[in-house]
Every structure is written in structure tokens, then in C-alpha cells.
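A look at the structure
Residue-level listing of the chains:
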Amino acid sequence: MSLREQNKQRTRRALGDAAITLFTEHGYDAVTMADVAALAGVSRRTAFRYFASKDELVMEHPAEWMAVFDEAVAAHQHLPTGERLRLASHAIVAHIERDPDPVRQLLALTFAHPTLTARYAASSHGWTARVAAELAGSTPEAEARQTADVSLEDKILAAAFMGMINAVCETWAAADEPMGPMIDLGFDAFAGAFDR
């Protein structure tokens, strides 16, 4: 990754973390993009170059998770689908647990504010489509083209998977327990349903 790309990622993360901090301290409605930019150490104009709105700022962490997911899935293509999904989920858990506090704050904010709840639901819908594509054997690049080719069974399993992930996230955000065992409990409940 080039230095320029690393700097962009750092700026995106700084803006996302600043937003979560300010929203937690002052409430979502009381914070402006200028406030977020100031805390992140960039101009308001720069903040808007990266994010079109305040609710987009909060979804920075879930956007990172998709990249982690895709990387882990690609690294484990030789394994059955269920095991790939489990390992990709654990890769995201490891990513989150390196700095869990902003994610706990993000989830608390998301479940408490209607605008953010809607944004999170839209993000979950995107995740459901990605998981359904994985179950159908699609690549992330082909996912958009092949959405119609994904079976109803794959769509149902993906929705169940995301329901499990959302339940784990909500429980983890409110508890002081590691996320990994919760993920495993969820996968164990499916008992091989994802394996093809």
C-alpha cells in the first residue's frame, strides 16, 4: 500500500473515531461535521471529501470490516464455506478487539439513534448480500452481477447469519466478555448449515 493510501486510511479512521467520541460525549444531533473535523485535526472541507454526512462517519468501522472479511475469505478458499465464514468472522473479531472501545461506543450509538439504526440496517443488508454471494460461490467482484443468481436458500442462510452476527454485536457491546466465544456459539447453533 502506498504512503498516500496509508495517509488516507489514517484520516478516514481519525474522522470516524472523532465522530464516535463526540457523538458519545455530546449526542449525535449536537455535533457538526466541523466539530468532528476539528477533533480529527483536519479541515471541514477535508472531512466532507471523505464523508458526505455525519451518519456515514459512524459506518467507517463496518466498512473496514468488509475488507477484513474479504481478505480472510480469500485466504481460506480451500476450506468449506462454513469454516471460511467462521474464520472470516474471527478475523473481524481480532480486528475489533485490537481497539474495542470505539466499536462498543459505535454500537451503543447505533442502537440508540434512529438515523444511525437505519444506516446500520442498510449496512447489514449489504453484508447479507455479500454473505449470500459467498454461499453461492460468487466472488466479491461478481456479487453485484450475480445477485439474481443467488438462491433463496442462500439468501435465507445469509440473513440468518447476519441475524446471529447482529445479536452477538449487540450482546458484546453491552457486556464485558470476549466476542470470539459468542461467534462460535452462533456458528455452533447453525451446526453445519453453511457447509457445502
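Details of the structure are given in the entry above.
As the structure is a computational prediction, the values presented were derived from the model and not from experiment.

Topic: the overall build of the chain
Regarding its fold elements, the chain presents 11 helices and zero strands. Listing each helix as α and each strand as β along the chain from the N terminus yields α-α-α-α-α-α-α-α-α-α-α. Taking 196 residues into account, the globule formula puts the C-alpha radius of gyration at 16 Å, and the chain, at 17 Å, falls close to it. Dimensions along the principal axes, computed over C-alpha positions, put the chain at roughly 50 × 35 × 30 Å. If you take every contact in the chain between residues at least 6 apart in sequence, the share linking residues at least 24 apart comes to 66%. Working note: accessible area of the chain is about 10000 Å², and carbon and sulfur atoms make up 56% of it.

A word on the environment of Phe187
Residue position: Phe187 is located in helix α11 (residues 179-190). Separated by 133 residues in sequence, Phe187 and Lys54 place their C-alpha atoms 34 Å apart.

Considering helix α6 (residues 81-97)
It helps to recall that an α-helix has 3.6 residues per turn; residues three or four apart then point in one direction. With 17 residues, α6 extends 24 Å from end C-alpha to end C-alpha; this agrees with the ideal 24 Å at 1.5 Å per step. For α6, the full list of buried residues reads Thr81, Gly82, Arg84, Leu85, Arg86, Ala88, Ser89, Ile92, Val93, His95 and Ile96. Next to the buried residues of α6 lie α1 (3-26), α5 (60-75), α7 (100-112), α8 (114-136), α10 (152-174) and α11.

Comments concerning the pattern of salt bridges
What the rule picks out here adds up to six salt bridges. Here Arg13 and Glu64 are joined by a salt bridge, their closest N and O atoms 2.4 Å apart. Placement of the pair is Arg13 in helix α1 and Glu64 in helix α5, with a sequence separation of 51 residues. Each of Asp70, Arg84, Arg130 and Glu134 takes part in a single network of salt bridges with overlapping partners.

What about the packing of aromatic side chains?
Ring pairs (aromatic) are described by centroid distance and by the angle formed between their planes. For the structure shown, the criterion picks out four aromatic pairs. Ring geometry for Phe69 against Trp127: centres 5.3 Å apart, planes inclined by 80 degrees, an arrangement best described as edge-to-face. Taken together, the positions of Phe69 in helix α5 and Trp127 in helix α8 put the pair 58 residues apart, joining distant regions of the chain. The residues Phe69 and Trp127 share a single accessibility class, namely buried. Seen from their ring centres, Phe111 and Tyr120 are 5.6 Å apart, and the 75 degrees between their planes marks the pair as edge-to-face. Overall, Phe111 belongs to the partly exposed group, its relative accessible area being 34%. On the basis of relative accessibility, which here comes to 9%, the residue Tyr120 falls in the buried class. The positively charged end of Lys54 is found above the aromatic ring belonging to Tyr28, 4.3 Å away from the centroid. The residue whose ring lies beneath Arg104 is Trp172, and the NZ or CZ to ring-centre distance is 4.1 Å.

So, a positive patch on the surface
Side chains of Arg4, Lys8, Arg45 and Arg49 sit close together on the surface and give a patch of like positive charge. For the positive patch, the elements supplying multiple residues, two or more each, are α1 and α3 (44-50). Along the polypeptide, Lys8 turns up in helix α1. Lys8 sits in the partly exposed class, given a relative accessible area of 33%.

Cut-offs and rules
Residues numbered from 1 in each chain as written. Predicted model: local features only at pLDDT ≥ 70, side-chain atom pairs only at ≥ 80, totals over all residues. Heavy atoms only, no water. Helix = DSSP H or I, 4+ residues; strand = E, 2+ residues; numbered from the N terminus. Rg over C-alpha atoms; globule rule 2.2 N^0.38 Å. Contact = heavy atoms within 4.5 Å. Areas by Shrake-Rupley, 256 points an atom, 1.4 Å probe, with all protein chains shown as cover. Expected span 1.5 Å × (residues − 1). Buried < 20%, exposed > 50% of the residue type's maximum accessible area, 1.4 Å probe, protein only. Salt bridge = Lys/Arg side-chain N within 4 Å of Asp/Glu carboxyl O. Phe/Tyr/Trp six-rings, centres within 6.5 Å; stacked < 30°, edge-to-face > 60°. Lys NZ or Arg CZ within 6 Å of the ring centre and 35° of its normal. Patch = residues over 30% accessible without salt bridge, like charges linked within 9 Å, V, L, I, M, F, W, Y side chains within 5 Å. Lys, Arg positive; Asp, Glu negative; His and termini not counted. Charge placed at Lys NZ, Arg CZ, Asp CG, Glu CD.

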